[in-house]
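Remarks on the overall topology
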Amino acid sequence: AQRVTQPEKLLSVFKGAPVELKCNYSYSGSPELFWYVQYSRQRLQLLLRHISRESIKGFTADLNKGETSFHLKKPFAQEEDSAMYYCALSGLGAGGTSYGKLTFGQGTILTVHP
Amino acid sequence: DAGITQSPRHKVTETGTPVTLRCHQTENHRYMYWYRQDPGHGLRLIHYSYGVKDTDKGEVSDGYSVSRSKTEDFLLTLESATSSQTSVYFCATRGAGAWNTEAFFGQGTRLTVV
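Residues numbered from 1 in each chain as written. Chains lettered and ligands numbered in written order. Predicted model: local features only at pLDDT ≥ 70, side-chain atom pairs only at ≥ 80, totals over all residues. Heavy atoms only, no water.

The next thing to look at is the overall build of chain A. Counting its regular elements, chain A contains zero helices and 11 strands. What you see in chain A, going N to C, is helices and strands ordered as β-β-β-β-β-β-β-β-β-β-β. Taking 2.2 N^0.38 as the reference for a compact globule, 114 residues should give roughly 13 Å; the C-alpha atoms of chain A span a radius of gyration of 14 Å, in line with that estimate. Seen through its principal axes, chain A has C-alpha atoms that stretch 45 × 25 × 25 Å. Put simply, chain A has 114 residues, and 50% of those count as buried. Considering only contacts within chain A whose residues lie at least 6 apart along the sequence, 61% involve residues at least 24 apart. Summing over all exposed atoms, chain A offers an accessible surface of approximately 5,500 Å²; the carbon and sulfur share of this is 51%. Side-chain charges in chain A split into 13 positive and 9 negative, and the spacing between the mean points of these groups amounts to 6 Å. (Helix = DSSP H or I, 4+ residues; strand = E, 2+ residues; numbered from the N terminus. Rg over C-alpha atoms; globule rule 2.2 N^0.38 Å. Buried < 20%, exposed > 50% of the residue type's maximum accessible area, 1.4 Å probe, protein only. Contact = heavy atoms within 4.5 Å. Areas by Shrake-Rupley, 256 points an atom, 1.4 Å probe, with all protein chains shown as cover. Lys, Arg positive; Asp, Glu negative; His and termini not counted. Charge placed at Lys NZ, Arg CZ, Asp CG, Glu CD.)

Our next topic: the interface of chain A and chain B. Across the contact, 23 residues belong to chain A and 26 residues belong to chain B. With both sides pooled, the region where chain A packs onto chain B buries about 2,100 Å², and carbon together with sulfur makes up 52% of that total. Its largest share of buried area at the contact with chain B, chain A owes to A:Arg43, A:Lys101 and A:Leu102, together 30% of the area lost on that side. In this structure, the connection of chain A to chain B is made through one salt bridge. For B:Glu102, the salt bridge is made with A:Arg49, and the minimal N-O distance between the two is 3.9 Å. (Buried area = accessible area lost by both parts, 1.4 Å probe. Salt bridge = Lys/Arg side-chain N within 4 Å of Asp/Glu carboxyl O.)

The following block contains the structure:
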């Protein structure tokens, strides 16, 4: 079975403060981890994936297989970062292919105050 | 936005009636997913498909069935709607190629069972 846990339903910070959204997963095979974001009145969209090792909108996330975590971080939060954030998990096959279920966590609502 | 459309966008139905939601894609993606989004539960997978006529259950499949007779369409049916199925339903699609693992989401369908 595969499972994603986001322990914080709500997270509030002030503009300019660092932010960290936690994600832990359970998966027996080789995992592929993602962060998706849902802004108000917009479709859910990909923020970043661990295999790309990229930084999007100042956000980064590092896959820690030992701790089975994929926490999302940003050093200086902005008001426009306020949104619902989901961590997601899928299986990673040979050659970077993806397969099977795409499982999401419970989501964290981030509010950045001015 | 990716070519994924859900219909209808809103529906109110009575308890005990059958309901079918449609997801249509123009991306030729292999994988298609149905989720429900509820406060406190995040996105929960109902069913998914890994090809035409190939489907599998997710974590909350009871009371739901799906069909995929062609690549572009994935139907979700509530055989006999109950109030507990009041939710927002999202369809998603995903390719299967290497590094092509981003999921694209529809706009959502808000279903109310009275």
